[in-house]
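# Architecture and fold: a report
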Amino acid sequence: MKALSLHRLSLAAIAAIAVIAAATSCRSAKEPVATDGISSASTPVAATTTPGATTAAWHDLYIPVSVELRKPMAMSVSGRVTMVRDSAIFVSMRVFGMEVATIYANTDSVTVADKYHSYVYTEPLSAITARDGLTMADLQDILLGRRQVPASCPASVTLAPAVACGASGTMSPEVTVSTPLGGKDVTAALRWDTRKAQWDTNRQIKPTNTKGYRRLQRSDILQILKF
């Protein structure tokens, strides 16, 4: 793959993740934002269970995923996701087997790392979850299509029909998010390979070492991708 293609793919992975984070935060660009990243005009409203979803207790999940950026450009990156229930999420994005970007979220913060360029983008988890009273477990369920974002959210989240996924119950094989970001309409999707999901295998999560990486702001990502 040419260097330019790899450059755009790794940055597209960051953009797609930023879109999903923006959607689950349900924070309008016009709302006032406090210095800690939490909207000062927020009123917590918890997410609701997706109709028809069935779940059972689980501890950890390992599952292949395709992260697709559909607007304002079309890009796709394959990856692997590891979740530890109500604790952490780790996403590894790969091109031809090489890890080009990662995302690590725990109950404190969310960190996206572009390993190809040594860029890192970090937000407190509260910027994503606090407005609507979401927990890490809620965020995991939203990404798996098991819970709906609150009605106050400016983003549109579309779920493919749920399918059985092991002993843990059902999940949506495709979660599509459309949201305004940087003055543009942006659409991204998670396409889960539910056939290869591995539940409760005692997976451990180790975040990417980003020492020495250049720290990005959201405005930097929008500029690099020329949204």
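For the structure itself, consult the block above.
Notes on the structure in this doc start here. (Residues numbered from 1 in each chain as written. Predicted model: local features only at pLDDT ≥ 70, side-chain atom pairs only at ≥ 80, totals over all residues. Heavy atoms only, no water.)

## Concerning the pairing of strand β3 (residues 75–84)
Of all 10 residues in β3, 7 are buried; the element is thus mostly enclosed. Here strand β2 (residues 60–71) pairs with β3 via 10 bridges, running antiparallel. Bridging from a neighbouring strand, I63 pairs with V81 of β3. Counting the residues that bridge the hairpin from β2 to β3 gives 3 residues. Both β3 and strand β4 (residues 88–95) contribute to a ladder of 7 bridges, which runs antiparallel. By the bridge assignment for β4, T82 is matched with F90. If you look at the hairpin formed by β3 and β4, you'll find 3 residues sitting between the two strands, and D86 has a positive phi there, around 55°. (Buried < 20%, exposed > 50% of the residue type's maximum accessible area, 1.4 Å probe, protein only. Helix = DSSP H or I, 4+ residues; strand = E, 2+ residues; numbered from the N terminus. Pairing = 2+ DSSP bridges.)

## Regarding the pattern of salt bridges
Taken as a whole and judged by the stated rule, the model has 9 salt bridges. Among the salt bridges present, the one from R70 reaches E68, with a minimum N-O distance of 2.9 Å. Using a relative accessible area of 34% as the deciding quantity, one classes R70 as partly exposed. Residue R191 is joined to E68 by a salt bridge in which the shortest nitrogen-to-oxygen separation is 3.2 Å. Placement of the pair is R191 in strand β13 (residues 184–192) and E68 in strand β2, with a sequence separation of 123 residues. Using a relative accessible area of 43% as the deciding quantity, one classes R191 as partly exposed. Linked by salt bridges that have partners in common, E68, R70, E174 and R191 make up one network. (Salt bridge = Lys/Arg side-chain N within 4 Å of Asp/Glu carboxyl O.)

## What about the pairing of strand β6 (residues 109–114)?
Where burial is concerned, most of β6 is hidden: 6 out of the 6 residues are buried. Side-chain alternation along β6 places S109, T111 and A113 on one buried face and V110, V112 and D114 on a second face that is also buried. Of the strand pairs in this sheet, strand β5 (residues 98–106) and β6 are connected by 5 bridges, and their pairing is antiparallel. Note on β6: the bridge partner recorded for A105 is V110. When β6 meets strand β7 (residues 119–124), the two strands line up antiparallel, connected through 6 bridges. Bridged to V110 within β7 is E123. Turn length for the β6-β7 hairpin, with the two strands adjacent in sequence and antiparallel, is 4 residues, and the turn residue S118 shows positive phi of about 60°.

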